[in-house]
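Chain residues, written in single-letter form:
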Amino acid sequence: MGYIKYYGHSAFELYLDSKKILIDPWLTHPLKVEEPSNVKDVDYVILTHGHDDHIGDALDILKNNPKAKVVAIFELANYIAEKLGDPGRGIGANMGGPALLDGLKVAFVPANHSSPIGEPTGVIVMGNEAKVYHAGDTGIMSEMELIGKIYRPDIALLPIGGHFTMDPVEAAYATELIKPKVAIPMHYKTFPVLYGNPEEFKKLVNERVPNVKVVVLNPGDTWKIDL
Ligand SMILES: [Zn+2]
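Please read all numbers here as calculations on a predicted model, not as lab measurements.

### A look at the environment of H54
Here comes step 1: If you trace the backbone, H54 turns up in helix α1 (residues 52-55).
Here comes step 2: A C-alpha to C-alpha distance of 9.5 Å links H54 and L27, two positions 27 residues apart in sequence.
Here comes step 3: A polar side-chain atom of H54 sits 3.3 Å from a polar atom in the side chain of D53.

Put into structure tokens, the structure is as follows:
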């Protein structure tokens, strides 16, 4: 059965269709709950953009998991694969129709943000067990409605911290645009500047779109996918 484990900040482990996927694996942040060296049996590391708090511990994890590949927008995947010294371990894709990965589909979509390497993205990981949209770092954008219509994500992982991304108010509107079954807040509390409060997000979503379930995970929590 699939699960979603939260490592804090924007770092998640998805277990979908018997594949282990890490997204934006920055584990060594101020709310750290796991050493990167303890993360094993990884199939894919997906990066949404090139900021340090999203590339995070990807290189260490990829070195410790020699079968794992990095999946990201073209320039970023190449950059990481080059750092690993193995161009074959980078799967560079771009915005648009999904990349096909051994049974999973992975679609990169725009994010309203910046990135030092390639364009900033969100990503939708589609398996038989669930479709999960990790929005990356982003402000709200009307494209989220289209993303929701095309990919129909079951679960949306949305930044709520404010300052660099959406805050709870914007993220609640984003939830209304995307219409997932479940929304999980991320990118808050890691630093004082990320002030967004998950309980406020939950309250606002309950008001705006009461049929969406908000699941608040603390760093280290695992949620068994239950749709
Ligand atoms: Zn960023």
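### A word on helix α5 (residues 168-178)
Two residues of an α-helix separated by three or four positions point the same way, owing to the 3.6 residues in each turn.
Here comes step 1: Buried residues of α5: P168, A171, A172, A174, T175 and I178, and no others. Each buried residue of α5 sits inside an arc of 160° when the element is viewed along its axis, so together they form one side.
Here comes step 2: Against the buried residues of α5 lie β10 (131-134), α4 (143-151), β11 (155-159), β12 (182-186) and α6 (198-208).
Here comes step 3: The N-cap residue of α5 is D167: its side-chain oxygen and the backbone nitrogen of V169 are 3.2 Å apart.

### Describing the coordination of the zinc ion
Here comes step 1: Donor atoms from the polypeptide that bind the zinc ion are H49 (NE2), H51 (ND1), H113 (NE2) and D137 (OD), placed at 2.2 to 2.3 Å.
Here comes step 2: Considering all four donor atoms around the zinc ion, angles at the metal cover 90 to 170° and the coordination shape is irregular.
Here comes step 3: When the donors of the zinc ion are listed by position in the chain, the intervening gaps give H-x1-H-x61-H-x23-D.
Here comes step 4: Taking the relative accessible area as the measure of exposure, H51 reaches 23% and is therefore partly exposed.

### Thoughts on the nonpolar core
Here comes step 1: By size, the foremost hydrophobic cluster in this structure holds 55 residues, and its most contacted members are I4, I21, I46, Y133, I155, I184 and W223.
Here comes step 2: A per-element tally of this core places strand β8 (residues 104-110) first, with five residues.
Here comes step 3: In contact with I155, not counting residues within four places along its chain, are I4, A130, K131, V132, Y133, P180, V182, I184, W223, I225 and L227.
Here comes step 4: One finds A11, L22, A58 and L62 within the second-largest nonpolar core, a separate group that totals 21 residues.

### Side note on the pairing of strand β3 (residues 19-23)
Here comes step 1: The buried fraction of β3 amounts to five of the five residues, a majority that puts the element mostly inside the structure.
Here comes step 2: Across the two faces of β3 the burial is the same, with K19, I21 and I23 and K20 and L22 all buried.
Here comes step 3: Bridge analysis of strand β2 (residues 12-16) against β3 gives five bridges, and the strand direction is antiparallel. Paired with F12 across the bridge in β3 is I23.
Here comes step 4: Connecting β2 to the antiparallel partner β3 that follows it, the hairpin turn spans two residues, and D17 within it adopts a positive phi of roughly 50°.
Here comes step 5: Of the pairings in the sheet, the one linking β3 to strand β4 (residues 44-46) comprises three bridges and is parallel in character. From the neighbouring strand, L22 faces β4, where its bridge partner is V45.

### Brief notes about the pattern of salt bridges
Here comes step 1: In this structure the tally under the stated criterion is six salt bridges.
Here comes step 2: The residue D102 makes a salt bridge to K19 at a minimum N-O spacing of 3.7 Å. Residue D102 is found in the loop between β7 (99-101) and β8, and its partner K19 is found in strand β3; the two are separated by 83 residues along the sequence.
Here comes step 3: Look at K19 and you get buried, because its relative accessible area is 15%.
Here comes step 4: Measuring nitrogen to oxygen at the nearest pair gives 2.6 Å for the salt bridge that ties R208 to E176. Of this pair, R208 sits in helix α6 while E176 is found in helix α5, placing the two residues 32 residues apart along the sequence.

### Considerations on the sheet that holds strand β14 (residues 222-224)
Here comes step 1: One open sheet holds the seven strands; their spatial order is β6-β5-β4-β3-β2-β1-β14, and the pairing between them is mixed. Each end of this open sheet is capped by a strand with a single partner; those strands are β6 (90-93) and β14. Put simply, the sheet's adjacent strands are angled 20° from each other on average, direction ignored.
Here comes step 2: Here helix α3 (residues 74-84) sits on the sheet and contacts β5 (69-73) and β6; the angle it forms with β5, its principal contact strand, is near 145°.

About the cut-offs
Residues numbered from 1 in each chain as written. Predicted model: local features only at pLDDT ≥ 70, side-chain atom pairs only at ≥ 80, totals over all residues. Heavy atoms only, no water. Helix = DSSP H or I, 4+ residues; strand = E, 2+ residues; numbered from the N terminus. Polar contact = N/O pair within 3.5 Å; in protein donor to acceptor, adjacent residues only side chain to side chain. Buried < 20%, exposed > 50% of the residue type's maximum accessible area, 1.4 Å probe, protein only. Arc of directions from axis to C-beta. Contact = heavy atoms within 4.5 Å. Donors = N, O, S within 2.8 Å, 3.2 Å for Na, K, Ca; no water. Tetrahedral: all angles 85-135°; square planar, octahedral: opposite > 155°, others 65-115°. Core = buried A, V, L, I, M, F, W, Y, C linked by side-chain atoms within 4.5 Å. Pairing = 2+ DSSP bridges. Salt bridge = Lys/Arg side-chain N within 4 Å of Asp/Glu carboxyl O. Axes fitted to C-alpha atoms, helices over the stretch in contact; angles between N-to-C directions.

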